[in-house]
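# Structural characterization, general
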Amino acid sequence: MMIKLYIGNPNYSSWSMRAGVLLRAFCIVHDEILIRFDGFDANSTFKSEVKQIGATGTVPFLVDTSVHDRHDRALIITDTLSIVEYIAETCVDHAIWPKDRAMRAKARNLCAEMHSGFGALRQHCMMNIGPDLSRAGALIWRDQAAVRRDVARIETAWADMLDLSHGPYLAGDFCALDAYFAPVVMRLKYHSLPVTDQSQIYMAKICEHPAVRDWVSGAVASVEFLEFEEPFRLSANDPEPV
């Protein structure tokens, strides 16, 4: 394989983090190309650059330049679940999914739930790696019942998986499921949302993983304050959200 992973700003782009952490966790050689956010309207530089490559206008997307279609175009995969499955099928020596059949099915099922659900948490607690968003998180937790419901469901799912696998990760060893929930951990952590002791232990384990640490350090080092991504802060220097 000759893989290129195109990502958005690593402190904001939760979907990019899923794929980026997965590739790092299994030491899969790839080039990572940043297409910075400047807006998401049709006239933005971001949309223009993405569409020039032939993607759908979103990140992340994976390009395998070693695979071509009948029109001699390199393979482009624009969906994170599809990226996970492509990596799992191509890199068969890596346990991208659990080896146990039942655990593998549960992991895939929970990834699919994450892929299409938890809209309130996504909307109100946008991923933003680095700043202290605890004040905003406290207000969100107080006022947004849907966020509380999303977090309750996430914690129930985590507890179920950890009970079955005995940890330390959701399906035992680190796999695609943990990469998929790494951005959720970032949302919960930086918004300081209240979670159980068991969830805190799992979150700490995720934050300690080398692949996650590498992503987080890169996000902090390359941080770029974008007003449209940060409704709770006036500038990157604000220690607390307004």
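Quick look at the structure, then. (Residues numbered from 1 in each chain as written. Predicted model: local features only at pLDDT ≥ 70, side-chain atom pairs only at ≥ 80, totals over all residues. Heavy atoms only, no water.)

### Side note on the pattern of salt bridges
As a reminder of what qualifies: Salt-bridge detection follows one rule: a side-chain nitrogen of Lys or Arg within 4 Å of a carboxyl oxygen of Asp or Glu. Here a helix means four or more residues in a row that DSSP labels H or I, a strand means two or more in a row labelled E, and each is numbered from the N terminus. For each residue, the accessible area found with a 1.4 Å probe, counting protein chains only, is set against the maximum for its type, and the residue is called buried under 20%, exposed over 50%, and partly exposed in between.
If you walk through the whole model with that rule in mind, you get nine salt bridges. The partner of D214 in a salt bridge is R24, with the nearest N and O atoms 2.7 Å apart. One end of the pair, D214, is in helix α10 (residues 210–221); the other, R24, is in helix α1 (residues 14–25), and 190 residues separate them in sequence. Look at D214 and you get partly exposed, because its relative accessible area is 40%. R24 gets classed as partly exposed once you look at its relative accessible area, which sits at 22%. The partner of R142 in a salt bridge is D143, and the shortest N-O contact between them spans 2.7 Å.

### A look at α10
Put simply, the test is: Given a helix with a known number of residues, its expected span is that number minus one, times 1.5 Å. Here the arc refers to the set of directions running from the helix axis out to each C-beta atom. Should any heavy atoms of two residues lie within 4.5 Å, those residues are counted as being in contact.
If you check α10, its first and last C-alpha atoms are 16 Å apart, about what 12 residues at 1.5 Å a residue would give, namely 16 Å. Along α10, the residues classified as buried are A211, V212, W215, V216 and A219. Here the buried residues of α10 occupy an arc of 130 degrees about the axis, which is enough to place them on one side. Facing away from the buried side of α10 by over 90 degrees, the exposed positions are P210 and A221. Close packing links the buried residues of α10 with β1 (3–7), α1, β2 (31–34), α8 (176–190) and α9 (197–208).

### So, helix α6 (residues 134–143)
Helical periodicity: at 3.6 residues per turn, an α-helix aligns residues three or four positions apart in one direction. If you check which residues of α6 are buried, you get A136, G137 and I140. The buried side chains of α6 occupy one side of the element, clustering within an arc of 100 degrees when seen end-on. Summarising the contacts, the buried residues of α6 are in contact with α5 (119–124) and α7 (145–165).

### A short note on the packing of aromatic side chains
Applied cut-off: For Phe, Tyr and Trp, where Trp contributes only its six-membered ring, two rings pair if their centres lie within 6.5 Å, and the inter-plane angle classes them as stacked under 30 degrees, edge-to-face over 60, or tilted in between. Placement of a positive charge over a ring is assigned whenever Lys NZ or Arg CZ falls within 6 Å of the ring centre and within 35 degrees of the normal to the ring plane.
For the coordinates displayed, the defined rule picks out eight aromatic pairs. Between Y169 and F174, the aromatic rings sit 5.3 Å apart at their centres with planes inclined by 85 degrees, giving edge-to-face as the arrangement. As far as the burial class goes, Y169 and F174 line up, both buried. One residue, R18, lies across the ring of W15, its end atom 4.2 Å from the ring centre. One Lys or Arg, R18, reaches over the ring of Y180 and ends 4.1 Å from the middle of that ring.

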